[in-house]
Amino acid sequence: MDAERLDAVAIITGAGSGIGAACARDIARRSDGGLILVDSSEEALAAVANDLEAHNASPERVSTLAFDVADQDRWRHAAEFIAAQYGRLDWAVVNAGVAHSSPIAETDLVDWRRVMSTNLDGAFLTLRTVMPLMRKNLKGGAVVVTASASALKAEPGVAAYGASKAGLLQLMRVAAKEGAPDNIRVNAIAPGGVETPMWSSMPWFQDLAREKGSERAAFDAIAQMATPLARYAGADDIARLIVMLLSDQSPITGATLVVDGGYTL
């Protein structure tokens, strides 16, 4: 990473697995600064923190905060903690998200609100917290939000998820305009299918994995059907691109980087 950010302080939501955990590993390798890991699962955060320690990230660099990203009171406490513990914030990966799959007519309002609460309200509260901290940093900061190809291409059965991610892209663009005067860059990454634990919660994917014999075979089957490149990215692939967007060497803001193997073409 560029020299001026070798000690970058970063916060990652949804850090307990998948893309968030991969971002934590990548940033820990590239920066000597603090890492604030946020996830609803305390156990998952502990496992990621232990893994980072095994990769030579000293324990004093890593803080774990287990809470629901849609809880505004916990975000107020998080802001106070970051200011007291680290004194500033350079980067944020707004990655917490949940999935849901059902046709509109069969989607319960409770499920709709659960998805919107985490994917959109949680992202709003994250941005509302991190941007003021970055304004106090003379170098500004950088934010990457994890959207989805579902925000760009309509598919049956994912109305709640797709709508939440589409809203997230507009939220990102507004944040980019608001942050620009303070040198705060805000971008999005929109993966297609990524091999993360989120898929395992979807009944149709569970059925396909049973039919094909494994989750690995299920991913391969979907990729063959849905993407011109016939492959899905792994969490580490997405993490590398997120870190690229965080870097000061990427003078980009308000942009969406689509990483979907051609799915949205």
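In this report, the structure presented in the accompanying data block is examined. (Residues numbered from 1 in each chain as written. Predicted model: local features only at pLDDT ≥ 70, side-chain atom pairs only at ≥ 80, totals over all residues. Heavy atoms only, no water.)

1. Digging into the pairing of strand 6 (residues 184-191)
Part 1 of the reasoning: Of all eight residues in strand 6, eight are buried; the element is thus mostly enclosed.
Part 2 of the reasoning: Side chains Ile184, Val186, Ala188 and Ala190 project from strand 6 onto one buried face, and the interleaved Arg185, Asn187, Ile189 and Pro191 project onto a second face that is buried too.
Part 3 of the reasoning: Since strand 5 (residues 141-146) and strand 6 lie parallel, the crossover through helix 5 (residues 159-179) that links them has a hand, and here it is right-handed.
Part 4 of the reasoning: Direction of pairing for strand 6 relative to strand 9 (residues 256-259): parallel, over a ladder of four bridges. Counterpart to Ala188 in the pairing with strand 9 is Thr256. (Buried < 20%, exposed > 50% of the residue type's maximum accessible area, 1.4 Å probe, protein only. Helix = DSSP H or I, 4+ residues; strand = E, 2+ residues; numbered from the N terminus. Right-handed = clockwise from strand over helix to strand, strands pointing away. Pairing = 2+ DSSP bridges.)

2. A short note on the nonpolar core
Part 1 of the reasoning: Formed by 35 residues in total, the largest nonpolar core has its most connected members in Ile11, Ile36, Leu89 and Val143.
Part 2 of the reasoning: When residues of this core are traced back to their parent elements, those giving at least two are strand 2 (35-39), helix 3 (72-85), strand 4 (91-94), helix 4 (109-135), strand 5, helix 5 and strand 6.
Part 3 of the reasoning: With seven residues, helix 4 is the single largest residue contributor to this core.
Part 4 of the reasoning: If we skip the residues at most four places from it in the chain, Leu89 touches Val9, Ala10, Ile11, Ile36, Ile82, Val130, Leu133, Met134, Asn137 and Gly140.
Part 5 of the reasoning: Counting residues in each nonpolar core, the second largest holds 33 residues, with Ala8, Leu45, Ile189 and Ala233 among its members. (Core = buried A, V, L, I, M, F, W, Y, C linked by side-chain atoms within 4.5 Å. Contact = heavy atoms within 4.5 Å.)

3. Some thoughts on the pattern of salt bridges
Working definition: two side chains of opposite charge can pair if their charged atoms are close together.
Part 1 of the reasoning: Taken as a whole and assessed by the stated rule, the structure comprises eight salt bridges.
Part 2 of the reasoning: Of the charged contacts, one joins Asp73 and Arg76 as a salt bridge, the two residues approaching to 3.0 Å between their closest N and O atoms. Highlighted residues: Asp73 and Arg76, both in helix 3, separated by three residues, approximately one helical turn.
Part 3 of the reasoning: Looking at Asp73, the relative accessible area reads 39%, which means it is partly exposed.
Part 4 of the reasoning: The partner of Arg88 in a salt bridge is Asp90, and the shortest N-O contact between them spans 3.0 Å. (Salt bridge = Lys/Arg side-chain N within 4 Å of Asp/Glu carboxyl O.)

4. Some remarks on the side chain of Asn137
Part 1 of the reasoning: Relative to the assigned elements, Asn137 resides in the loop between helix 4 and strand 5.
Part 2 of the reasoning: With relative accessibility at 9%, the residue Asn137 sits in the buried group.
Part 3 of the reasoning: With residues up to four places along the chain from it excluded, the contact list for Asn137 reads Arg5, Arg88, Leu89 and Asp90.

5. As for the packing of aromatic side chains
Part 1 of the reasoning: Enumeration according to the criterion identifies two aromatic pairs in this entry.
Part 2 of the reasoning: Considering the side-chain rings of Phe67 and Trp75, the 5.1 Å spacing of their centres and the 90° angle between planes classify their relative orientation as edge-to-face. Across the pair, Trp75 and Phe67 agree in class, each one buried.
Part 3 of the reasoning: Note on Phe81 and Tyr86: the rings are 6.3 Å apart at their centroids and 80° apart in plane angle, and the pair reads as edge-to-face.
Part 4 of the reasoning: The partly exposed category is assigned to Phe81, whose relative accessible area is 28%.
Part 5 of the reasoning: Take Tyr86: its relative accessible area is 17%, and that puts it in the buried class.
Part 6 of the reasoning: One cation-aromatic arrangement involves Lys153 over Tyr263; the distance from NZ or CZ to the ring centre is 4.4 Å. (Phe/Tyr/Trp six-rings, centres within 6.5 Å; stacked < 30°, edge-to-face > 60°. Lys NZ or Arg CZ within 6 Å of the ring centre and 35° of its normal.)

6. Side note on helix 5
Part 1 of the reasoning: Taking 1.5 Å of rise per residue, 21 residues should cover 30 Å, and helix 5 covers 30 Å from first to last C-alpha, within 8% of that figure.
Part 2 of the reasoning: Looking at the buried residues of helix 5, the elements they touch are helix 4, strand 5, strand 6 and strand 9. (Expected span 1.5 Å × (residues − 1).)

7. Focus on the sheet that holds strand 9
Part 1 of the reasoning: If you walk across this open sheet you meet the seven strands as 3-2-1-4-5-6-9, and the pairing is parallel. Two strands lie at the open edges of the sheet, namely strand 3 (62-66) and strand 9, each paired on one side alone. Between one strand axis and the next, the sheet turns through 15° on average, direction left out of account.
Part 2 of the reasoning: As judged from the three bridges shared by strand 1 (residues 10-13) and strand 4, these two strands associate in the parallel manner. Residue Ile12 lies in a different strand from strand 4, and its bridge partner there is Val93. (Axes fitted to C-alpha atoms, helices over the stretch in contact; angles between N-to-C directions.)

8. Re the packing of helix 1 (residues 18-30) against helix 8 (residues 235-246)
Part 1 of the reasoning: At a closest axis distance of 8 Å, the pairing of helix 1 and helix 8 adopts a crossing angle of 55°. With respect to helix 8, the axis of helix 1 lies oblique. Pair helix 1 / helix 8 crosses with right-handed handedness. Judged by residue contacts, Gly18, Ile19, Ala22, Cys23, Arg25, Asp26, Ile27 and Arg30 of helix 1 engage Ala235, Asp236, Ile238, Ala239, Arg240, Ile242, Val243 and Leu246 from helix 8.
Part 2 of the reasoning: Here the contact of helix 1 with helix 8 is built from residues that sort into 10 nonpolar, one polar and five charged. (Parallel < 35°, antiparallel > 145°, perpendicular 65-115°, else oblique. Left-handed = near helix turned anticlockwise from the far one by under 90°. Nonpolar A, V, L, I, M, F, W, Y, C, P; charged D, E, K, R; others polar.)

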